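Chain and residue survey
These are the residues of each chain, in order.
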Amino acid sequence: MKRLLLSLALANLLPYTAFAGETPVAPNISFDQLLSHLTAAPAETAVIPEPSAERAAYSPEEAGRYWVTVEAADKRARTRLLEAGLDIVEINKDSVSGVAGAYTLGQLSSKAFTVLSKTTLAQRAFSVTKDFPAGDAAYHNFRETTDLLREMAAKNPDIASLFSIGKTVEGRDIWCLRINSGAKGTAVSAKPGALYIGNHHAREHLSNEVPLLLAAWLLEHRNDADIKTYINGLDIYIIPMLNPDGAENDIKTGSYQYYRKNMSVNADKSRGVDLNRNYDSWWCEAGASNYPGADTYCGPKAFSEPESQAVKKFIEARRNLKTHISYHSYASEILYPWGGSDADVPSVKDRQVFEKVGAEMGKLTGYRSYKSSEMYVATGDSCDWAYAAAGIFAFTFELEGRGFYPGAAIITGAVARNIKAAVYLLSVTDNPYKAI
Ligand code: 0X9
Ligand code: ZN
């Protein structure tokens, strides 16, 4: 029996999308309405197939079979995929997912089809998720995040593009939405760049919502005078979910797991490296653990993890980046380097920029802004590395909330406040020194 996943919850949440069968309907709901939907509407929980994949192990005849997602815009495309042998299990707006063996994979590799992702069924057995608990259904899981990002890029092809900066331990894509009126995808740009990353830490789900909905807001407000100026003059990158494996693991049973790390299998068979201890900034010298089972495990070496590697390569390939926010939760705080040392950053001017820009974003959010190491000294931190390696004015935001699971009602206010701070950061990205 095939099941249709027609992104009902997503359709309810999107400001500019409604589905009537397969026909996209013009935007008719404002971003403010989007936010109120997030908290008011008890979003329908996505129907996840009760997969045989939940079984502990796969039989030998299932070896060599894959779970694939393939582009398919309409029912004709789906019919062609059935003819290619694909066992369609899920139907989304622009794609389908299902099971393919060797013959079908051969067919799919022809030019007629675009395979968006491919994982072995055995891998999927360990990665099939349920979803956020019903009360938190407004949060976007990996599939919903992916769909929303695709939707944004598809609706704004002149200024937005979506690409993967790399794969996670479990083979998920780390998506990056780029907003740039000229360059698309991975093409280089000389325009000053701003980078927003969420969800280094798995259980900090609000840290995916804020950059994801920031992207939606920027695109919806693309014709506002100030936003238009930033879109024309800057190179804006939004990576809302750096650690999708961990985020999915955190919700895999339908109740939260308090999971923090990525999904690496460590030497002692424990799971996970703390991605915010894995960067090469005084790696594993303080505030991090060498013990693989620890929540603050720094990994076997700096940049041992595909997720932190992907960020490293991304930043090193883009010397135009000037400003950055890495979203975490929770504390209502804005932190700037150093986090791995009690010292101040050596450049007095840069310190003034950090203090001034942090304070301004503090006013806009109501968060307290201060030097990261005053919270605690912790090495291997992403923002320390981004500043040290690339001179990027990098801020860690500890979003609001009392606990890692503050409920869906918090999203509206957190997003609205943080849009203001993120837009302020755009306003100084052309020259952060102008802030002082
Ligand atoms: O410990 C972290 O990685 C961050 N806090 S969280 O609760 N989100 O895990 C804070 C990072 C701040 N950086 C340093 N103090 N180095
Ligand atoms: Zn965190």
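Residues numbered from 1 in each chain as written. Chains lettered and ligands numbered in written order. Predicted model: local features only at pLDDT ≥ 70, side-chain atom pairs only at ≥ 80, totals over all residues. Heavy atoms only, no water.

Considerations on the coordination of the zinc ion (ligand 2)
Summarising the metal site, the zinc ion (ligand 2) is bound by the protein donors His201 (ND1), Glu204 (OE), Glu204 (OE) and His328 (ND1), whose distances to it range over 2.0 to 2.4 Å. The sequence motif formed by the donor residues of the zinc ion (ligand 2) is H-x2-E-x123-H. Taken together, the residues histidine 201 in the loop between strand 10 (193-197) and helix 7 (206-220) and histidine 328 in strand 12 (residues 321-329) connect sequence positions 127 residues apart. The pair histidine 201 / histidine 328 is uniform in exposure class, with both members buried. (Donors = N, O, S within 2.8 Å, 3.2 Å for Na, K, Ca; no water. Helix = DSSP H or I, 4+ residues; strand = E, 2+ residues; numbered from the N terminus. Buried < 20%, exposed > 50% of the residue type's maximum accessible area, 1.4 Å probe, protein only.)

Focus: the packing of aromatic side chains
One pass over the full model with this rule turns up 21 aromatic pairs. Three or more aromatic residues joined by ring pairs make a cluster, and in this case those are Trp282, Tyr336, Trp338, Phe354, Tyr387, Phe393, Phe395 and Tyr433. Over the face of the ring belonging to phenylalanine 303 we find lysine 312, whose NZ or CZ atom lies 5.5 Å from the ring centre. (Phe/Tyr/Trp six-rings, centres within 6.5 Å; stacked < 30°, edge-to-face > 60°. Lys NZ or Arg CZ within 6 Å of the ring centre and 35° of its normal.)

Comments concerning helix 3 (residues 75-83)
For helix 3, the full list of buried residues reads Ala77, Arg78 and Leu81. One side of helix 3 holds all its buried residues, which, seen down the axis, span an arc of 100°. Set apart from the buried face of helix 3 by more than 90 degrees, the exposed residues are Lys75, Arg76 and Glu83. Its side-chain oxygen placed 3.2 Å from the backbone nitrogen of arginine 76, aspartate 74 serves as the N-cap of helix 3. Downstream of helix 3 by a residue or two, glycine 85 has a phi angle that is positive, lying close to 100°. (Arc of directions from axis to C-beta. Polar contact = N/O pair within 3.5 Å; in protein donor to acceptor, adjacent residues only side chain to side chain.)

A word on the confidence of the model for the protein chain
Overall, the predicted model of the protein chain reaches an average pLDDT of 86, with 83% of residues at or above 70. Of the regions scoring below 50 in pLDDT, residues 1-29 engages in 75 contacts with residues more than four places distant in sequence or in other chains. Below pLDDT 50 for its whole length, residues 39-61 participates in 36 contacts with residues either more than four positions away or in separate chains. (pLDDT = per-residue confidence, 0-100. Contact = heavy atoms within 4.5 Å.)

Looking at the pattern of salt bridges
Opposite charge on two side chains permits pairing when their charged atoms draw close. Summed over all chains, the structure comprises 17 salt bridges. In this structure, arginine 172 engages aspartate 245 in a salt bridge whose closest nitrogen and oxygen atoms are separated by 2.8 Å. Pair noted here: arginine 172 is in the loop between strand 8 (160-167) and strand 9 (173-179) and aspartate 245 is in helix 9 (residues 244-250), with a separation of 73 residues, a long-range link. The same class applies to arginine 172 as to aspartate 245, namely buried. The salt bridge partner of lysine 434 is aspartate 430, with a shortest N-O separation of 2.7 Å. Judged by its relative accessible area of 43%, lysine 434 falls in the partly exposed class. Taken together, the salt bridges that share partners define one network made up of Glu170, Arg172, Asp245 and Arg271. (Salt bridge = Lys/Arg side-chain N within 4 Å of Asp/Glu carboxyl O.)

A short note on the pairing of strand 10
The buried fraction of strand 10 is high, at 5 of 5 residues. As paired strands, strand 10 and strand 11 (residues 235-239) are joined by 5 bridges and run parallel to one another. Opposite glycine 193, over in strand 11, you have aspartate 235 as the bridge partner. (Pairing = 2+ DSSP bridges.)

Examining the site of ligand 1
The local shell around ligand 1 holds 15 residues, among which Arg260, Arg277, Tyr376, Asp381 and Glu398 are the closest. Interatomic distance of 3.2 Å between a backbone N/O atom of glycine 339 and a nitrogen atom of ligand 1. Between ligand 1 and serine 372, the relevant distance is 3.0 Å, taken from a nitrogen atom to a side-chain nitrogen or oxygen of the residue. Contact with the protein chains hides 95% of the accessible area of ligand 1, taken as 420 Å² for the molecule alone. Residue composition of the shell around ligand 1, grouped by class: 4 nonpolar, 6 polar and 5 charged. (Near = heavy atom within 4 Å. Areas by Shrake-Rupley, 256 points an atom, 1.4 Å probe, with all protein chains shown as cover. Nonpolar A, V, L, I, M, F, W, Y, C, P; charged D, E, K, R; others polar.)

Considering the sheet that holds strand 14 (residues 368-371)
Here 8 strands make up an open sheet; going across it, the order is 8-9-11-10-12-15-13-14 and the pairing mixed. Strands with a single pairing partner mark the edges of an open sheet, and in this sheet they are strand 8 and strand 14. Direction aside, neighbouring strands of the sheet carry axes that sit 20° apart on average. Both strand 12 and strand 15 (residues 393-399) contribute to a ladder of 7 bridges, which runs parallel. When the bridges of strand 15 are listed, histidine 328 appears paired with glutamate 398. Each of strand 12, strand 13 (333-336), strand 14 and strand 15 is contacted by helix 11 (residues 348-365), which is oriented at about 30° to strand 15, the strand it contacts most. Sheet contacts for helix 13 (residues 410-429): strand 10, strand 11, strand 12 and strand 15; angle to strand 12, the most-contacted strand, approximately 165°. (Axes fitted to C-alpha atoms, helices over the stretch in contact; angles between N-to-C directions.)

Structural notes on the pairing of strand 14
Both faces of the sheet carry side chains from a regular strand, because those side chains alternate between them. Pairing analysis gives 4 bridges linking strand 13 to strand 14, with the strands arranged parallel. Note that in strand 14 the partner of tyrosine 336 across the bridge is lysine 371. This β-α-β element, strand 13 to helix 11 to strand 14, shows right-handed connectivity. (Right-handed = clockwise from strand over helix to strand, strands pointing away.)

Some words on the packing of helix 6 (residues 142-155) against helix 7
Across the interface, helix 6 lies against helix 7 with an axial gap of 10 Å and an inter-helix angle of 20°. The orientation of helix 6 relative to helix 7 falls into the category roughly parallel. Considering the relative orientation of helix 6 and helix 7, their crossing is left-handed. Where helix 6 abuts helix 7, its residues Thr145, Leu148, Leu149 and Met152 lie against Asn208, Leu212, Ala215, Ala216 and Leu219. Considered class by class, the residues forming the contact of helix 6 with helix 7 number 7 nonpolar, 2 polar and no charged. (Parallel < 35°, antiparallel > 145°, perpendicular 65-115°, else oblique. Left-handed = near helix turned anticlockwise from the far one by under 90°.)

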